[in-house]
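For reference, the chains in residue letters:
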Amino acid sequence: MEQMVTVYLLGKEYSVPATLTIMDAMEYAGFKLVRGCGCRSGFCGACAVIYRIKGSTELKVVLSCQTKVEEGMCVGKIDSFPVNKRTFNIEEIKATDNIVGQLYPEIFSCIGCNACTKGCPQGLDVMQYIAYAQRGEYEKAAHASFDCVGCNICASRCPAQISHSAVGLLCRRLTGKYIAPKCEHLAERVAEIENGDYVTLLEKLKNTPLDELKDMYNKREIEK
Amino acid sequence: MSAFTDDMLKSMANVERTRAARLNSTPERFTAEEKEALLQAFHPDYSTKGFKVLEVGPNKGEKAPVELAQLLEGKSLLQGVAVDLERVDYDVDVLIIGGGGAGAAAAIEAKRAGADVMIVTKLRMGDANTMMAEGGIQGADKGNDSPAIHYLDALGGGHYKNVPELLEKLVTEGPLAIDWLDKLGVMFDKEADGTMVTTHGGGTSRKRMHACADYTGAELMRVLRDEVQNCGVKILEFAPAIELLLDEAGKCAGAVLLDYDSNEHIVVRAKTVIMATGGAGRLHYQGFPTSNHYGATADGLVMAYRAGAPLIYEDAIQYHPTGVAYPAQIYGALVTEKVRSLGAQLVNSNGEAFMHPLETRDVSAASIIRECTARGNGVKALDGVALWLDTPMIEIIHGEGTIQKRLPGMLRMYKKFGIDLRKEPILIYPTLHYQNGGILIDANAETKISGLYVAGEAVGGIHGTNRLMGNSLLDIIVFGRIAGIKAAEKAKTVELGKLSLAHVDAFAKEMEAAGIASEVPSPKLLPVYTHGRNAR
């Protein structure tokens with residue numbers, strides 16, 4: 001007989017195997033998940049849940065697919081969080097002039113409570129990347145926020161009502177497009193392709209007999 | 001206390017004992033003959049079990065996985081249901097079904113081309129296999145590489161069955177796709193001078209795997225979704241398409257959706273439709289676990305098939321060699337191929353490296369299955385057997401801190417369940433990963449049905465019968481863009497007739513004539529999991 005724990009899912013008591021994740025426990029209990037379930041591997045941020053151990057004052061917010069059940073867990077769901085994303089034209093904005101602060105002025109309302117960082121299931125220093133964004137250090141904000149899965153647990157706990165995931169994403173796009181060094185070999189190859197340099201070569205390959213192709217493949221040089 | 005069992009730790013000691021010697025010796029690659037023999041004997045695609053011959057539809061007479069066949073020959077969710085097609089809820093130029101990477105890329109291009117674009121999706125925008133792709137995206141953009149070399153790599157890896165015109169598009173437009181993403185602001189791993197950091201994948205002859213740490217797909221998807229939102233594409237979430245609509249002339253003309261919240265039907269009329277519904281891992285072919293997204297249930301294949309679009313290589317499934325075999329909480333999840341690109345070897349219970357770590361995926365999976373079954377060199381893990389992936393080698397080869405920098409996602413996933421893969425090797429076994437086949441398209445991404453385009457994993461033919469790592473993130477961008485551009489262009493001249501579901505009735509009649517009576521609701525939309533609970 002496998003070890004069971006008692007949990008309270010959306011207010012209802014269930015006995016579930018102790019090896020399950022919270023997400024699996026919901027399915028074991030009979031919930032048919034539509035909302036609050038995505039990649040089931042910790043990459044998509046769809047499955048944030050809030051819980052406390054029965055009787056404890058402490059609240060925790062986690063990804064339900066990446067967290068094992070515990071005895072006495074009382075679980076509620078955060079299926080959808082209204083993040084306040086601003087729209088912009090990536091071609092027109094620049095990574096200067098306090099652009100992030102202009103689009104997201106609420107970042108300057110941060111009171112330094114660090115609730116965002118404490119809540120992050122990815123272990124990111126969320127408050128720090130918001131601070132980088134305030135100071136216009138977008139590349140630093142980009143790297144510090146890079147592993148964000150957009151679960152928005154941080155935003156759900158923020159007294160300054162910041163939409164952290166959207167701020168991080170803007171910093172990353174600015175970094176990728178404007179701050180990171182340009183790639184010369186890519187630009188060269190793109191120019192060659194647009195010039196039609198590979199058309200003849202590909203046409204020849206497409207019309208090469210199968211036996212010859214096999215021979216070419218099996219004898220091809222492999223870069224060390 | 002270790003998260004591994006005592007028996008596992010005993011076997012792990014063998015891995016540690018042989019590590020120093022293995023660092024200096026990589027097993028030889030298999031010959032073409034060895035590969036063929038391995039696949040025949042051990043790859044699930046070559047098994048006689050698990051497949052069924054299709055009895056109706058455009059691919060009648062061909063075999064397909066049983067679970068897919070049951071849906072292709074299943075019962076339409078609209079069979080016997082009256083839907084008022086005169087009451088059109090949305091009327092758009094381009095309808096995109098699916099909110100993953102391919103759908104997003106298509107939407108951006110269609111919108112830029114001036115079309116009125118709508119994305120409908122079963123779950124949230126961005127909930128897709130794209131988000132979970134870890135390792136990288138190929139693109140022949142370096143001096144020692146070329147689209148022609150990329151072509152040959154993908155062709156050999158695909159068993160020479162790739163549709164030449166599609167493969168040509170993939171490799172030629174590959175660098176353009178990387179450039180397109182770069183300009184949207186995707187943060188590729190680069191050297192200080194801007195040179196792309198690239199590695200090998202299984203079966204590549206040049207290091208052309210671009211990455212964004214091991215969040216490559218997530219980074220692409222976040223940026224694409226953001227851009228879709230920026231450019232004003234209409235998005236309808238939690239509203240899966242359940243049937244395509246044709247017009248009287250047989251042109252694709254929209255879709256009927258199911259609103260998950262109201263349980264009501266929604267009619268969308270569209271001048272052109274792009275199917276971008278992704279893969280099928282959640283059908284769990286042959287009982288395999290899967291690395292796929294919750295929504296990967298082949299819906300697009302089912303809808304298109306019923307409307308008369310032929311499939312290609314519907315029997316070619318990719319089992320990723322390294323799925324998580326332990327612990328239980330992440331069973332079947334993906335361990336990116338990049339772990340092997342960075343030098344980790346596959347090691348059996350005796351501590352022996354039994355194969356070159358970067359064979360193509362089908363060959364690698366078959367070799368792992370052989371080691372665990374015929375050769376009996378597996379390690380008992382949960383209900384099955386598994387092998388070691390010697391991750392600590394990475395830090396020895398590339399220096400301390402490499403895993404934190406290049407594989408942060410893997411490190412975090414295992415850490416949550418008490419395993420530090422920098423210090424301990426991990427247990428893996430093949431997991432259902434990718435649908436090599438799918439709906440047949442031409443080089444314009446259009447199917448046999450006028451006005452129906454397909455992009456992403458729902459497409460078949462690009463990769464032959466075995467896709468190489470990094471060619472899927474590439475194809476969603478290349479063919480997503482093509483589909484978006486072509487669908488928007490065609491929408492300018494299309495004149496639609498009356499909306500019709502007659503093809504659904506016709507398919508049902510064909511089934512009846514073939515003597516098939518099915519009560520399997522189709523498309524499946526979502527899997528049902530109970531984790532061992534008895535049926536209520």
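Whatever comes next refers back to the structure up there.
None of the values given here were measured: they were computed from a predicted structure. (Residues numbered from 1 in each chain as written. Chains lettered and ligands numbered in written order. Predicted model: local features only at pLDDT ≥ 70, side-chain atom pairs only at ≥ 80, totals over all residues. Heavy atoms only, no water.)

Trainee: Could you clarify how one ought to interpret the interface of chain B and chain A in this entry?
Mentor: Opposite the 91 residues of chain B that make contact, chain A presents 74 residues. Interface area for chain B against chain A, summed over the two sides, is near 6900 Å², with a carbon-plus-sulfur share of 57%. On the surface where chain B and chain A come into contact, there are 8 salt bridges. Ionic pairing is found between Lys 85 of chain A and Asp 226 of chain B, a salt bridge with its closest N-O pair at 2.7 Å. (Contact = heavy atoms within 4.5 Å. Buried area = accessible area lost by both parts, 1.4 Å probe. Salt bridge = Lys/Arg side-chain N within 4 Å of Asp/Glu carboxyl O.)

Trainee: In this structure, what is going on with helix 7 (residues 164-172) of chain B? I would like to understand it.
Mentor: Since the α-helix packs 3.6 residues into each turn, any two residues three or four apart lie on the same face. Along helix 7 of chain B, the residues that are buried comprise Leu 166, Leu 167, Glu 168, Leu 170, Val 171 and Thr 172 of chain B. In this fold, the buried residues of helix 7 of chain B make contact with helix 8 (184-194) and helix 9 (199-206) of chain A together with helix 6 (147-157), helix 8 (174-184), strand 21 (459-460) and helix 16 (471-491) of chain B. (Buried < 20%, exposed > 50% of the residue type's maximum accessible area, 1.4 Å probe, protein only. Helix = DSSP H or I, 4+ residues; strand = E, 2+ residues; numbered from the N terminus.)

Trainee: I tried to follow the packing of helix 7 (residues 164-179) of chain A against helix 9 (residues 216-230) of chain B on my own but got confused; where do I start?
Mentor: When two helices pack together, their arrangement is given by the angle between the helix axes and by the axis-to-axis distance. Relative to each other, helix 7 of chain A and helix 9 of chain B sit at 100°, their axes nearing to 11 Å. With respect to their mutual orientation, helix 7 of chain A and helix 9 of chain B come out roughly perpendicular. Residues Leu 169, Arg 172 and Arg 173 of chain A of helix 7 of chain A lie in contact with helix 9 of chain B, whose contacting residues are Glu 219, Arg 222, Val 223, Asp 226, Glu 227 and Asn 230 of chain B. Residue composition of the contact of helix 7 of chain A with helix 9 of chain B, by class: 2 nonpolar, 1 polar and 6 charged. (Axes fitted to C-alpha atoms, helices over the stretch in contact; angles between N-to-C directions. Parallel < 35°, antiparallel > 145°, perpendicular 65-115°, else oblique. Nonpolar A, V, L, I, M, F, W, Y, C, P; charged D, E, K, R; others polar.)

Trainee: Quick question: what am I supposed to make of the pairing of strand 4 (residues 60-63) of chain A here?
Mentor: Within a regular strand, side chains alternate between the sheet's two faces. All names here are of chain A. The pairing of strand 3 (residues 48-53) with strand 4 spans 4 bridges and is classified as antiparallel. Residue pairing for strand 4: Ile 50 is matched across the bridge by Val 61. Where strand 3 folds back on strand 4, the antiparallel hairpin that results is connected by 6 residues, among which Gly 55 adopts a positive phi of roughly 95°. (Pairing = 2+ DSSP bridges.)

Trainee: Hey, could you run me through the packing of aromatic side chains in this one?
Mentor: The relation between two aromatic rings is expressed through the spacing of the ring centres and the mutual angle of the planes. All chains considered together, the criterion is met by 8 aromatic pairs over all chains. Between Tyr 217 of chain A and Tyr 160 of chain B, the ring centres sit 6.1 Å apart and the planes meet at 85°, which makes this aromatic pair edge-to-face. In this pair, Tyr 217 of chain A sits in helix 10 (residues 210-218) while Tyr 160 of chain B sits in the loop between helix 6 and helix 7, so the two residues belong to two different chains. On the basis of relative accessible area, Tyr 217 of chain A is assigned to the buried category, the value being 5%. Site record: aromatic cluster; members linked through ring pairs are Phe 43 and Phe 146 of chain A together with Tyr 215 of chain B. Over the ring of Phe 51 of chain B we find Lys 63 of chain B; its NZ or CZ atom is 3.8 Å from the centre of that ring. (Phe/Tyr/Trp six-rings, centres within 6.5 Å; stacked < 30°, edge-to-face > 60°. Lys NZ or Arg CZ within 6 Å of the ring centre and 35° of its normal.)

Trainee: Looking at this structure, I do not really get a negative patch on the surface. What am I missing?
Mentor: Judged by side-chain charge, Glu 184 and Glu 188 of chain A together with Glu 191 and Asp 193 of chain B come together as a negatively charged surface patch. Along the chain, Asp 193 of chain B falls in the loop between helix 8 and strand 7 (198-199). (Patch = residues over 30% accessible without salt bridge, like charges linked within 9 Å, V, L, I, M, F, W, Y side chains within 5 Å. Areas by Shrake-Rupley, 256 points an atom, 1.4 Å probe, with all protein chains shown as cover. Lys, Arg positive; Asp, Glu negative; His and termini not counted. Charge placed at Lys NZ, Arg CZ, Asp CG, Glu CD.)

Trainee: Would you take a moment to explain the pattern of salt bridges for this structure?
Mentor: Opposite charge on two side chains allows them to pair when their charged atoms are near. Using the criterion set out here, one finds 45 salt bridges over all chains in the structure. With its nearest N and O atoms 2.8 Å apart, the salt bridge here joins Asp 299 of chain B to Lys 122 of chain B. Of this pair, Asp 299 of chain B sits in helix 10 (residues 299-306) while Lys 122 of chain B sits in the loop between strand 5 (117-120) and helix 5 (129-132), placing them 177 residues apart in sequence. A relative accessible area of 12% places Lys 122 of chain B in the buried class. Linked through salt bridges whose partners overlap, the residues forming this network are Lys 85 and Arg 173 of chain A together with Asp 226 and Glu 227 of chain B.

Trainee: Honestly, the environment of Asn 292 of chain B in this entry has me stumped. Any pointers?
Mentor: With respect to the helices, strands and loops of the structure, Asn 292 of chain B is situated in the loop between strand 12 (265-275) and helix 10. Relative accessible area serves as the criterion here: at 2%, Asn 292 of chain B is assigned to the buried category. Linking Asn 292 of chain B and Lys 75 of chain B, residues 217 residues apart in sequence, is a C-alpha distance of 25 Å. Ignoring any residue separated from it by four or fewer positions in sequence, one finds Asn 292 of chain B in contact with Cys 39 of chain A together with Asn 129, Met 132, Ala 280, Gly 281, Arg 282, Leu 432, His 433 and Glu 457 of chain B. A polar side-chain atom of Asn 292 of chain B sits 2.8 Å from the main-chain amide nitrogen of Gly 281 of chain B. (Polar contact = N/O pair within 3.5 Å; in protein donor to acceptor, adjacent residues only side chain to side chain.)

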